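Residue-level structural notes
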Amino acid sequence: MRHTTAPAVLLAASLVACATGGKNFDTSRPLQLDGGTYRQGDQPLLMSDLEDKLAAHPAASSQMGGYQAKKWTGLILGSVGGTLVGWNLGNNLTSRSSRQDWTPALVGAGAIALAIPFGLMADGQLRSAAESYNGSFTQPQSKVLGGALPFIAVLPQPEGGKQCLAGVTMTF
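These numbers come from a predicted model, not from an experiment.

Quick look at the pattern of salt bridges
Inspection of the entire model under this criterion finds 2 salt bridges. The residue Arg-127 makes a salt bridge to Asp-123 at a minimum N-O spacing of 3.1 Å. Separated by 4 residues within a single helix, Arg-127 and Asp-123 lie in helix 4 (residues 103-135), roughly one turn from each other. Look at Arg-127 and you get partly exposed, because its relative accessible area is 36%. Judged by relative accessible area, Asp-123 falls into the partly exposed class, the value being 34%.

Dropping the structure here:
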């Protein structure tokens, strides 16, 4: 019984940390992705709140289709695979039998390998939805130029000279 107490305490602590780790999602401000954490300003966002708001947002909802299925498939496969590997490894290393069976560990490793693409697909889908959400905000425009941006370009010429171009870019 003592061997299960430490993992149970660690699991409970991580769940509490995940549940209290951010602030609510504000639909009036764009998102920033900072090292795998979604933020608004300097505040990290709760993933569950972010997922719910992006799924309900008109610009991002089309990218969120199937996200939950991919996310949970990856989580379940990874958890089951990790459990199989850990159980089989512990069982084989602590048994006094000369015959060890590594089949469950190999099956678990296969489940973990299958979980990785599901996690990557879900992450890509969430990033795509966040980009669509951010794209729904109007870009700040210059009050003087009305959205036109001046530019100057210096182009090298084949004979060694340079040609200067000046112009204005406009967004429609």
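Structure's up, so let's keep going.
Regarding the environment of Gln-40
For Gln-40, the location among the structural elements is in strand 2 (residues 37-40). On the accessibility criterion, Gln-40 (1% relative accessible area) is buried. As for Gln-40 and Asn-24, which are separated by 16 residues in sequence, their C-alpha atoms are 9.4 Å apart. Those residues in contact with Gln-40, other than ones at most four positions away along the chain, are Asn-24, Phe-25, Asp-26, Arg-29, Pro-30, Leu-31, Gln-32, Leu-45 and Tyr-133.

Here we look at helix 4
Between its terminal C-alpha atoms helix 4 stretches 49 Å, which fits the 48 Å expected from 33 residues at 1.5 Å a residue. Among all positions of helix 4, only Pro-104, Ala-105, Gly-108, Ala-111, Ala-115, Ala-122, Gln-125, Leu-126, Ala-129, Ala-130 and Tyr-133 are buried. Looking at the buried positions of helix 4, the neighbouring elements they touch are strand 2, helix 2 (47-56) and helix 3 (67-94).

Comments concerning the sheet that holds strand 3 (residues 43-44)
Working definition: the strands of a sheet are paired by backbone hydrogen bonds and lie parallel or antiparallel to each other. Read from one edge of the open sheet, 3 strands run 1-2-3, paired in antiparallel fashion. The open sheet has two edge strands, strand 1 (32-34) and strand 3, and neither has a second partner. Pairing of strand 2 with strand 3 involves 2 bridges; the strand directions are antiparallel. Within strand 3, the position partnered with Gln-40 by the bridge is Gln-43.

Regarding a nonpolar patch on the surface
On the surface, a cluster of nonpolar side chains totalling about 390 Å² of accessible area is made up of Trp-72, Leu-75, Ile-76 and Val-80. Here Trp-72 is to be found in helix 3.

Observations regarding the pairing of strand 2
The side-chain alternation of strand 2 yields one buried face, formed by Tyr-38 and Gln-40, and one unburied face, formed by Thr-37 and Arg-39. Here 3 bridges tie strand 1 to strand 2, and the two strands are oriented antiparallel to one another. In the strand pairing of strand 2, Asp-34 is matched with Thr-37. Hairpin connection from strand 1 to strand 2: 2 residues lie between these consecutive antiparallel strands, with Gly-35 at a positive phi of about 60 degrees. Joining the antiparallel neighbours strand 2 and strand 3 is a turn of 2 residues, in which Gly-41 adopts a positive phi near 70 degrees.

Some words on the environment of Pro-58
Mapping Pro-58 onto the fold places it in the loop between helix 2 and helix 3. Residue Pro-58 is classed as exposed on the basis of its relative accessible area of 72%. Between the alpha carbons of Pro-58 and Ser-136 there is a distance of 9.0 Å; along the sequence they are 78 residues apart.

Parameters and conventions
- Residues numbered from 1 in each chain as written.
- Predicted model: local features only at pLDDT ≥ 70, side-chain atom pairs only at ≥ 80, totals over all residues.
- Heavy atoms only, no water.
- Salt bridge = Lys/Arg side-chain N within 4 Å of Asp/Glu carboxyl O.
- Helix = DSSP H or I, 4+ residues; strand = E, 2+ residues; numbered from the N terminus.
- Buried < 20%, exposed > 50% of the residue type's maximum accessible area, 1.4 Å probe, protein only.
- Contact = heavy atoms within 4.5 Å.
- Expected span 1.5 Å × (residues − 1).
- Pairing = 2+ DSSP bridges.
- Patch = residues over 30% accessible without salt bridge, like charges linked within 9 Å, V, L, I, M, F, W, Y side chains within 5 Å.
- Areas by Shrake-Rupley, 256 points an atom, 1.4 Å probe, with all protein chains shown as cover.

Don't take any of this as a statement about function, it's just geometry.
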